[in-house]
Amino acid sequence: MTTPERTTPPPGSDSPTAVPSRAASPSLAGGGVGAGGGKQYPRWHQYTLKPFAGLWKDLRARAPYYMSDYTDAWNYRVVPATALTFCANILPALAFAFELLERTEEYGVVEVLLASFMGAAAFSIFGCQPLCIVGVTGPITVLNSIIYDIIHDSGDDVNYLEVVAWVYIFSAIMHWLIAITNLSNWLRHITKFSCETFGFYVAWVYLLYGCQILARQSDRPSTTDGQMLLSAFLAVTFLATFHAFLLTSRSAFLHPLVRRFVADYGLIVAVVACSGLPYWGRFDAVSAIKLPTGKAFRPWPDRDWVVPFWNCPGKWIGIAVPFAVILTVLFYFDHQVSSIISQGSQFPLRKPPGFHWDFALLGATTFLSGIFGFPAPNGLIPQAPIHTNSLVITGRPTRKTDEESPASSEEDEKAGGGWKEDRDVPVGVVEQRVSNLAQGALALVCCTGPLLTVVGLIPTGVLAGLFWSMGLDALYGNMLTEQFLFLIRDRRLTDPNHKFHKVRRSRVWLFLLLELLGFAATYAITNTRGAIGFPLIIILLVPLRTYVVPRTKWFTTEELSILDGPAASAFTMAGLTL
């Protein structure tokens with residue numbers, strides 16, 4: 001039985017505000033079935049273009065909870081969430097800094113750390129969705145590198161940062177126009193098909209970056225065989241250590257408190273232990289390859305903090321406009337999907353979202369990034385859902401009650417069980433702003449001289465292992481992986497109540513093929529001369545699933561509802577409806 005979701009009453013209210021359950025809101029996950037039984041497809045006239053309506057709605061809905069976002073932080077879960085999110089955010093960002101430094105020679109560790117702090121501070125203090133972690137991502141690293149290659153190949157004597165500044169300025173204006181005209185509402189119809197395919201792509205980008213870190217070291221003439229062997233050893237050791245902690249936290253062994261402690265701090269222990277390994281015993285005889293860090297609070301090239309974008313030639317200011325369109329499309333999908341996934345249906349959230357306001361805020365951080373020469377931050381996958389998951393409070397209900405989240409109830413009903421397993425399930429989330437702000441503040445502290453020196457001691461082999469670990473962890477929980485494993489598993493050993501048994505096996509293969517084609521198209525274009533257009537392929541996944549697939553008659557409505565589903569609960573997606 002599915003129960004309505006509720007939200008925590010704002011101060012001064014006598015009772016919680018009821019929010020319609022998923023069942024009360026038609027979803028396009030199964031092709032969209034209207035009240036009359038016929039299929040309904042999304043149309044543009046369903047969206048209102050009243051200027052500022054979405055921004056005002058977000059502020060009005062979230063403002064009553066602002067003070068409670070700080071008082072609710074008085075909970076132990078905030079401590080491990082801060083530590084885990086800091087490691088999961090900053091360490092990949094350092095590797096992205098290494099990648100950008102190798103490709104562009106313009107961005108360094110300090111710029112990436114300050115970009116992470118700016119994003120965290122902006123969204124934890126002024127944002128409507130403080131659970132979403134914002135920082136430097138793999139896709140923006142790819143895009144910035146592509147822009148550099150285009151400028152370099154042109155042969156023009158033009159400053160790269162000046163061109164990027166104009167790209168960011170134009171993109172910021174586009175962000176604000178989208179927020180003002182409520183165009184984020186189009187993502188109201190996004191489903192797991194698009195989100196999970198994009199997550200699959202990001203996971204493979206992480207795996208690729210881990211390999212590239214080691215490959216670039218081997219290309220350097222100064223790199224010795226001992227250094228390469230040590231880097232590979234550290235990467236594999238970190239991968240093994242990470243998985244040992246991961247399997248322990250998800251097993252049925254040891255006390256639940258021990259398993260939760262391992263889940264909270266296992267990543268931190270793995271980073272510290274593997275980073276210290278090259279300085280122990282005979283390993284110290286080999287000088288491990290480490291990350292170049294630069295000077296405290298100084299950009300990597302010796303330049304002023306404010307980029308002189310006014311000196312950019314008019315030709316390149318014009319060329320910056322199509323680049324800005326591409327960047328806006330990327331952030332429109334990437335950031336909004338990160339926000340949606342961080343508020344997924346598996347999390348029993350009680351405070352309303354605010355997509356329009358946060359996208360306008362993302363425009364502000366993009367604008368400032370261009371002015372100061374930072375790589376633009378945006379929503380992080382998989383760090384955003386990692387942050388929310390670390391704030392989950394679990395319990396062990398033995399029978400379905402009205403207090404359960406609709407997400408878990410729906411899944412159990414589909415599985416055909418009337419009684420739930422005796423295991424921990426999410427019963428609440430510590431929804432607050434402090435953990436996001438704190439992990440951003442730690443990034444700022446790392447820009448100081450002493451801690452920047454400590455950051456410079458982290459071997460690049462550990463960063464490679466971290467990328468492999470986070471990429472594989474993202475693949476383990478991905479919907480594409482779940483479907484593939486079901487298809488190759490021995491049917492006799494498959495749970496007879498598994499939801500995919502209600503779908504024709506050929507249709508599971510077909511749906512998986514569509515997802516893999518979307519992933520392959522996105523991944524393939526990033527390795528061609530047209531790589532600048534990869535965000536367009538990503539955004540096309542939404543109309544493909546929403547408009548095309550339901551019209552093909554390949555799947556029944558029931559099959560689509562089982563294979564796919566809403567990206568988040570109706571409560572969260574209501575933030576994209578005016």
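Residues numbered from 1 in each chain as written. Predicted model: local features only at pLDDT ≥ 70, side-chain atom pairs only at ≥ 80, totals over all residues. Heavy atoms only, no water.

Chemist: I'd like a rundown of the overall build of the chain, residues and numbers included.
Modeler: Counting its regular elements, the chain contains 21 helices and 6 strands. Looking at the 578 residues of the chain, the share that counts as buried comes to 56%. Considering only contacts within the chain whose residues lie at least 6 apart along the sequence, 85% involve residues at least 24 apart. Surface accessibility of the chain: about 24200 Å² in total, with carbon and sulfur atoms responsible for 66%. (Helix = DSSP H or I, 4+ residues; strand = E, 2+ residues; numbered from the N terminus. Buried < 20%, exposed > 50% of the residue type's maximum accessible area, 1.4 Å probe, protein only. Contact = heavy atoms within 4.5 Å. Areas by Shrake-Rupley, 256 points an atom, 1.4 Å probe, with all protein chains shown as cover.)

Chemist: Describe in detail the pattern of salt bridges, supporting the description with residues and values.
Modeler: Pairing between side chains of opposite charge can happen when the charged atoms of each approach one another. Summed over the entire model, instances satisfying the criterion amount to 14 salt bridges. We note a salt bridge from E559 to R504, for which the minimum N-O separation is 2.8 Å. Highlighted residues: E559 in helix 20 (residues 557-563) and R504 in the loop between helix 17 (479-488) and helix 18 (505-525), separated in sequence by 55 residues. Relative accessible area serves as the criterion here: at 4%, E559 is assigned to the buried category. (Salt bridge = Lys/Arg side-chain N within 4 Å of Asp/Glu carboxyl O.)

Chemist: How would you explain the nonpolar core if you had to name every residue and give the values?
Modeler: By size, the foremost hydrophobic cluster in this structure holds 140 residues, and its most contacted members are L94, L113, L143, I190, F238, L267 and F534. If you look at the next biggest cluster of nonpolar residues, it comprises 10 residues, including A73, V78, L349 and V392. (Core = buried A, V, L, I, M, F, W, Y, C linked by side-chain atoms within 4.5 Å.)

Chemist: A description of helix 1 (residues 53-62) should follow, citing residues and the corresponding values.
Modeler: What helix 1 keeps buried is the set G54, L55, D58 and R62. Down the axis, helix 1 shows its buried residues gathered within 105 degrees of arc, on one side only. With respect to the buried face of helix 1, the exposed residues turned more than 90 degrees away are W56 and R60. Those residues of helix 1 hidden inside the fold are in contact with helix 2 (68-71), helix 6 (160-180) and helix 11 (355-372). (Arc of directions from axis to C-beta.)

Chemist: Let's hear about the confidence of the model for the chain: which residues, and what values?
Modeler: Across the chain, the average pLDDT comes to 83, with 87% of residues at 70 or higher. Of all secondary-structure elements in the chain, the lowest mean pLDDT belongs to strand 2 (residues 17-19), at 36, while helix 6 reaches the highest, 95. Segment residues 1-45: pLDDT under 50, and 100 contacts once partners within four positions in sequence are set aside and those in other chains are kept. Counting contacts from residues 400-421, a segment whose pLDDT is below 50, to residues more than four positions away or on other chains yields 41 contacts. (pLDDT = per-residue confidence, 0-100.)

Chemist: So what about the side chain of Q217? Which residues, and what values?
Modeler: Among the secondary structure elements, Q217 is positioned in helix 7 (residues 192-219). Excluding its chain neighbours within four sequence positions, the residues that come into contact with Q217 are T223, M228, S231, I289, T460 and G461.

Chemist: Outline the environment of V337, listing residues and values.
Modeler: Structurally, V337 can be placed in helix 10 (residues 314-342). Overall, the relative accessible area of 0% leaves V337 in the buried class. Each C-alpha atom, one on V337 and one on A568, is 9.9 Å from the other, the two residues being 231 residues apart in sequence. For V337, the contacting residues outside a window of four places in its chain are I190, C195 and I381.

Chemist: Give me the lowdown on the packing of helix 1 against helix 11, citing residues and values where you can.
Modeler: Interhelical geometry of helix 1 versus helix 11 gives an angle of 110 degrees and a closest axis separation of 7 Å. Considering their axes alone, helix 1 and helix 11 lie roughly perpendicular with respect to each other. Contact residues: G54, L55, D58 and L59 in helix 1; F355, H356, W357 and A360 in helix 11. (Axes fitted to C-alpha atoms, helices over the stretch in contact; angles between N-to-C directions. Parallel < 35°, antiparallel > 145°, perpendicular 65-115°, else oblique.)

Chemist: Could you give me a rundown of unusual backbone geometry, with the residues and numbers involved?
Modeler: A cis amide bond links I381 with the next residue in sequence, P382, at an omega value of 10 degrees. Within the secondary structure, P382 is located in the loop between strand 4 (378-379) and helix 12 (383-390). Positive phi outside glycine occurs at N182, with the angle close to 65 degrees. Mapped onto the secondary structure, N182 falls in the loop between helix 6 and helix 7. Its identity is not glycine, yet K553 carries a phi of approximately 65 degrees, on the positive side. Within the secondary structure, K553 is located in the loop between helix 19 (534-548) and helix 20. Relative accessible area serves as the criterion here: at 62%, K553 is assigned to the exposed category.

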